[in-house]
Amino acid sequence: MLKIEKKHSLTKYTTLKVSSTADYFAIVKNKNELLEAIAFARAKKQLIFILGGGSNVLLSKTIKGLVIKNEMQGIKVVEKNKSLVLVEASSGEIWSKFVSYTVENKFYGLENLFLIYGTVGAAPVQNIGAYGVELKDCFHHLSAIDLKTGNEKIFSANDCRFGYRDSIFKNKLKGRYFIYSVTVALLRKPDFKLGYGSIGEALKLKGIKKPTAYDVIKTIEEIRNSKLPNPFILPNAGSFFKNPEVNLQTFKNLFVKYPDMPSFQINRSKFKIPAGWLIEQAGLKGKKFGPVRMYEKQALILVNEGGASSKQVLNLVAKVKLAVKKKFGLDLSEEVNII
Ligand SMILES: Cc1cc2nc3c(=O)[nH]c(=O)nc-3n(C[C@H](O)[C@H](O)[C@H](O)COP(=O)(O)OP(=O)(O)OC[C@H]3O[C@@H](n4cnc5c(N)ncnc54)[C@H](O)[C@@H]3O)c2cc1C
């Protein structure tokens, strides 16, 4: 029978480690336990909040309702032909473990997403992305359970409305579905994307001309470990803000004032400006406010030296947004889910 705890601390379940307590808490390992948890919440008229690896959330001091921590395991090949393979993973699988499985089995496409923290089930929620690849590039479909009715529904890529760190599960269907499994379509032959960031360069420096998938993930691991704080040593939730997208006119105006401003062109009329650069220019890189600061090696990451409250984090978030707005006239929006 499912164990449901009352007034349970969530602090150890998030990578940002702010203190938080759930009214009710349950760990689910299979579908029956999930349905039991949903029935409990319905009977007690409690809201449900789903927690994966807790690497993309800022939880408030008290979470009203039932927090369901997802630990559903299982990976299987569901279809295979000469060029493609469909692989399904249960949503509680650790994302990087899933990527390692695909690499070991010579299924190609997820390499650049190695070492993104958290679970498989959260990956479609914000369409995880790194080094020029997003989940949507390999996504096939997902199956989800409606938390209102308990019914199962299949979502195609189109249904998910993927965008930059975005999907329907962050908007119209926020909090409505429990993503149960995710199926990706992978290649049987490698087609690595090495042109983004420093992956190609790092491989060259190591003298690797024809990399294997293992070489690629190892290199990504080295690059990430050199740039990003390990959340298990210095608590953080990765990039706290999204890179703002601006139109051509705004881009031109900013470029005249700040000719050193880095940018990525998305299409003819849209540009992305790195939020880390904006925060640094606004003077907040490495500046400490009690136990929290924007990380000195990458200003986009908010770190907790220990013991920070969600209020202290939110105060710094507000300071950062205000400073960037004042200096550049741009609005930053949070990538992290504030609950
Ligand atoms: C150091 C560091 C580096 C990072 N780098 C990247 C990066 O390069 N690219 C990137 O995209 N992200 C990055 N992230 C963010 C994070 O790893 C991803 O967003 C990840 O997918 C979150 O997974 P999680 O299981 O921890 O989700 P959680 O934080 O537990 O949850 C995130 C959201 O998804 C919802 N959710 C979780 N599971 C389910 C489910 N089964 N069904 C429905 N909703 C669900 C939650 O309710 C919540 O709203 C990084 C984080 C850290 C700490």
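Draft legend 1. A look at the site of the ligand. Around the ligand there are 33 residues in total, and I50, G52, G53, S55 and T119 lie nearest to it. The contact in question runs from a nitrogen atom of the ligand to an N or O atom on the backbone of G129, over 2.8 Å. Within the backbone of I179, an N or O atom sits 2.8 Å from a nitrogen atom of the ligand. When isolated, the ligand has an accessible area of 990 Å², and the protein chains bury 93% of it. Contributions of two or more residues to the shell around the ligand are made by β3 (48–51), β8 (129–130), β12 (177–187) and β13 (236–239). Tallied by class, residues from the shell around the ligand come to 15 nonpolar, 15 polar and 3 charged.

Draft legend 2. Just helix α8 (residues 310–328), in detail. Across its 19 residues, α8 extends 27 Å between first and last C-alpha, which sits within 8% of the 27 Å expected from 1.5 Å per residue. Every buried residue of α8 is listed here: S310, V313, L316, V317, V320, A323, V324 and F328. Axial view of α8: buried residues confined to an arc of 155°, hence all on one face. Facing away from the buried side of α8 by more than 90 degrees, the exposed set consists of K311, L322 and K326. G329 sits one or two residues past α8 and shows a positive phi near 70°.

Draft legend 3. Focus on the sheet that holds β3. One open sheet accounts for 4 strands, arranged β1-β2-β5-β3; its pairing is mixed. Among the strands making up the open sheet, the edge pair consists of β1 (5–9) and β3. Sheet twist, expressed as the mean angle between neighbouring strand axes with direction ignored, is 45°.

Draft legend 4. A look at the nonpolar core. If you look at the biggest cluster of nonpolar residues, it comprises 45 residues, and the most contacted ones within it are W95, L110, L142, F169 and V184. Those elements that provide at least two residues to this core are β7 (84–90), α2 (95–104), β10 (139–146), β12, α4 (199–205) and α5 (213–227). With residues up to four places along the chain from it excluded, the contact list for L142 reads P124, K153, I154, F155, C160, F169, I179, S181 and V182. By size, the runner-up hydrophobic cluster in this structure holds 34 residues, among which are A237, L300, L302 and F328.

Draft legend 5. Inspection of the pairing of strand β2 (residues 21–28) at higher detail. Of all 8 residues in β2, 6 are buried; the element is thus mostly enclosed. Strand direction decides the pairing type here: β1 and β2, joined by 4 bridges, are antiparallel. Along β2, the bridge assignment pairs H8 with A22.

Draft legend 6. Highlighting α5. Across its 15 residues, α5 extends 21 Å between first and last C-alpha, which sits within 8% of the 21 Å expected from 1.5 Å per residue. Summarising the contacts, the buried residues of α5 are in contact with α2, β8 and α4.

Draft legend 7. Quick peek at the pattern of salt bridges. Applying the stated criterion to the full structure yields 20 salt bridges. Between R293 and E296 there is a salt bridge, with its nearest N and O atoms 2.8 Å apart. Three or more residues joined by partner-sharing salt bridges are found here, namely K288, R293, E296 and E305.

Draft legend 8. Up close: the domain arrangement of the chain. Under the domain assignment, the chain is made up of domain 1 (5–70), domain 2 (75–227) and domain 3 (236–338). The centre of domain 1, based on its C-alpha atoms, is set 25 Å off from the matching centre of domain 2. The interface is formed by 14 residues belonging to domain 1 together with 16 residues belonging to domain 2. When domain 1 packs against domain 2, the two sides together hide about 1200 Å² of surface, and 63% of this comes from carbon and sulfur.

Draft legend 9. Spatial organisation of the packing of aromatic side chains. Inspection of every chain in the model, using the stated rule, returns 15 aromatic pairs. Taking 5.7 Å as the distance between ring centres and 70° as the angle between the ring planes, the aromatic pair formed by W95 and F98 counts as edge-to-face. Placement of both W95 and F98 in helix α2 is noted, with a separation of 3 residues, approximately one turn of the helix. Given a relative accessible area of 1%, W95 falls into the buried group. In this structure an aromatic cluster arises from ring pairing among F155, F169 and Y177. The residue whose ring lies beneath K327 is F328, and the NZ or CZ to ring-centre distance is 5.9 Å.

About the thresholds
Residues numbered from 1 in each chain as written. Predicted model: local features only at pLDDT ≥ 70, side-chain atom pairs only at ≥ 80, totals over all residues. Heavy atoms only, no water. Near = heavy atom within 4 Å. Polar contact = N/O pair within 3.5 Å; in protein donor to acceptor, adjacent residues only side chain to side chain. Areas by Shrake-Rupley, 256 points an atom, 1.4 Å probe, with all protein chains shown as cover. Helix = DSSP H or I, 4+ residues; strand = E, 2+ residues; numbered from the N terminus. Nonpolar A, V, L, I, M, F, W, Y, C, P; charged D, E, K, R; others polar. Expected span 1.5 Å × (residues − 1). Buried < 20%, exposed > 50% of the residue type's maximum accessible area, 1.4 Å probe, protein only. Arc of directions from axis to C-beta. Pairing = 2+ DSSP bridges. Axes fitted to C-alpha atoms, helices over the stretch in contact; angles between N-to-C directions. Core = buried A, V, L, I, M, F, W, Y, C linked by side-chain atoms within 4.5 Å. Contact = heavy atoms within 4.5 Å. Salt bridge = Lys/Arg side-chain N within 4 Å of Asp/Glu carboxyl O. Domains from an automatic or database assignment. Buried area = accessible area lost by both parts, 1.4 Å probe. Phe/Tyr/Trp six-rings, centres within 6.5 Å; stacked < 30°, edge-to-face > 60°. Lys NZ or Arg CZ within 6 Å of the ring centre and 35° of its normal.

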